[in-house]
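# Observations on the three-dimensional arrangement
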Amino acid sequence: MKKLEDNHSELHRRREFPDWEKMYVEQAVETMPWFHPELDADLDKALDRLSIDSGSFLDLGTGPGTQALALAERGFRVTGTDISKTAVRKAAALTAEKGLDLVFKQDDILKTGLNKKFNCIFDRGCFHVLAPEKRGEYVKTASELLEPGGYLFLKTFSFEETMEGGPYRFTPDEIKVLFEKRFEVVSIGESRYYGTLPTLPKALFCVLRKR
Ligand SMILES: C[S@@+](CC[C@H](N)C(=O)[O-])C[C@H]1O[C@@H](n2cnc3c(N)ncnc32)[C@H](O)[C@@H]1O
């Protein structure tokens, strides 16, 4: 019982995050824990399973832009956004002149200036760094940015991850409670957060469909 309680308080303790802009100014993106040059394997499988191979994608919290690039290379029309203007500048520089349907914009999802709708959103690591009191606002905005029936593919740290520090962790039930008003919860699977850490953190990969 004690262990369960410890795990619960660890999950919900207030977390601190870097100044994103400062981090992208000072650090090479290739050294960041989330840097992963290939398309996330969970998204890859989900797209195959759902037979989604065209349309528009928002890569929300795009950071180094690797996921946005991989999606554009598959033929999607992609917009990558991030709160850090240096992240989007670096992502745009890396992907310029590739002749892809890919744009990057600085945008804070909690006060978004985006005025178009997308068929799909990929969030690999943005939701799990937002303050808990902002989660409702995020869910509303993500739903409003999707076309009817559009998909939100969401990757977060899992409640099973025990590393020191890092982002918020979620149980499948918490994800259900947070999203089910606006999204059908299609699936929540256990996975890993691919990147540069020697042990890949435990993650959840969630497929959510706008109601
Ligand atoms: C863990 S990183 C993941 C980056 C990228 N999705 C990837 O998989 O490589 C989280 C990203 O979310 C961005 N971010 C944090 N808060 C944000 C917000 N309110 N709106 C948009 N992006 C945000 C950060 O700047 C950072 O690039």
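Before going into details, it helps to say that this report is about the structure given with it. Positions within a chain are numbered from 1, following the residues in the order the chain's sequence is written. Only residues with pLDDT of 70 or above have their local features reported here, since the model is predicted, and side-chain atom pairs are shown and tallied only from 80 upward, although totals for entire chains, interfaces and linings are computed over all residues.

## With respect to the overall build of the protein chain
Formally: Segments assigned H or I by DSSP are reported as helices when at least four residues long, segments assigned E as strands when at least two residues long, and all are numbered from the N terminus. Radius of gyration here uses only the C-alpha atoms, and the compact-globule reference equals 2.2 Å multiplied by the residue count raised to the power 0.38. Any residue surrounded by 20 or more other C-beta atoms within 10 Å of its C-beta is treated as buried, while 12 or fewer makes it exposed and the intermediate range makes it partly exposed; C-beta atoms here are placed from the backbone. Two residues qualify as being in contact provided that their C-beta atoms, derived from the backbone, are within 7 Å of each other.
Broken down by element type, the protein chain carries seven helices and eight strands. Relative to the globule expectation of 17 Å for 211 residues, the C-alpha radius of gyration of the protein chain, 16 Å, shows essentially globular dimensions. Overall, the C-alpha framework of the protein chain stretches about 55 × 40 × 30 Å when taken along its three principal axes. For the protein chain, with 211 residues in total, the buried portion stands at 37%. Across the protein chain, the fraction of contacts at a sequence separation of at least 24, relative to all contacts at a separation of at least 6, is 69%.

## Some words on unusual backbone geometry
Backbone geometry at Ser51 places phi at a positive 55°, although glycine is not the residue there. One can find Ser51 in the loop between helix H3 (41–49) and strand E1 (56–60). For Glu97, which is not a glycine, the phi torsion comes out positive at approximately 65°. With respect to the helices, strands and loops of the structure, Glu97 is situated in the loop between helix H5 (85–95) and strand E3 (102–106).

## A look at the site of the ligand
Operational definition: The rule is simple: place the C-beta atom from the backbone, and if it lies within 6 Å of a molecule or strand, the residue is near it. Three categories are distinguished: nonpolar for Ala, Val, Leu, Ile, Met, Phe, Trp, Tyr, Cys and Pro, charged for Asp, Glu, Lys and Arg, and polar for the others, with Gly belonging to the last.
Lining the immediate surroundings of the ligand are 19 residues, of which Trp20, Gly61, Gly63, Arg124 and Gly125 lie closest. Looking at the shell around the ligand, its residues break down into nine nonpolar, seven polar and three charged.

## Side note on helix H4 (residues 66–73)
Across the eight residues that make up H4, a large majority, seven, are buried. Among the residues making up H4, those that are buried are Thr66, Gln67, Ala68, Leu69, Ala70, Leu71 and Ala72. As for H4, its buried residues are in contact with E1, strand E2 (77–82), H5, E3 and strand E4 (118–124). Positive backbone phi, approximately 100°, marks Gly75, located one or two places after H4.

## Side note on H3
Test applied: Regarding the arc, it is the one traced by the directions from the helix axis to the C-beta atoms.
Buried within H3 are the following residues: Asp42, Leu43, Ala46 and Leu47. Taken down its axis, H3 places every buried residue within 130° of arc, on the same side. In H3, the exposed positions angled more than 90 degrees off the buried face are occupied by Asp48 and Arg49. If you follow the buried residues of H3, they end up packed against E4, strand E5 (146–158), strand E7 (183–192) and strand E8 (202–210).

## A closer look at the pairing of E4
In plain terms, the rule: Strand pairing is assigned whenever DSSP detects at least two bridges linking the two strands. Look down the strands so they point away from you; if the path from the first strand over the helix to the second goes clockwise, the crossover is right-handed.
Counting buried residues in E4 gives six out of seven residues, a clear majority hidden from the surface. Bridge count for E1 against E4 is three bridges, and the pairing is parallel. Bridge assignment links Phe57 to a residue of E4, and that residue is Cys120. Taken together, the six bridges between E4 and E5 define a ladder with parallel strand orientation. The residue of E5 that forms the bridge with Arg124 is Lys155. Between the parallel pair E4 and E5, the chain is carried across by helix H6 (residues 135–144), and the sense of this crossover is right-handed.

## Examining the environment of Val129
Mapped onto the elements, Val129 comes out in the loop between E4 and H6. A C-alpha to C-alpha distance of 8.5 Å links Val129 and Gly166, two positions 37 residues apart in sequence. Among all residues touching Val129, those that are not within four sequence positions of it are Phe17 and Pro167.

## Here we look at the environment of Glu144
Within the secondary structure layout, Glu144 lies in helix H6. Overall, the presence of 12 C-beta atoms within 10 Å leaves Glu144 in the exposed class.

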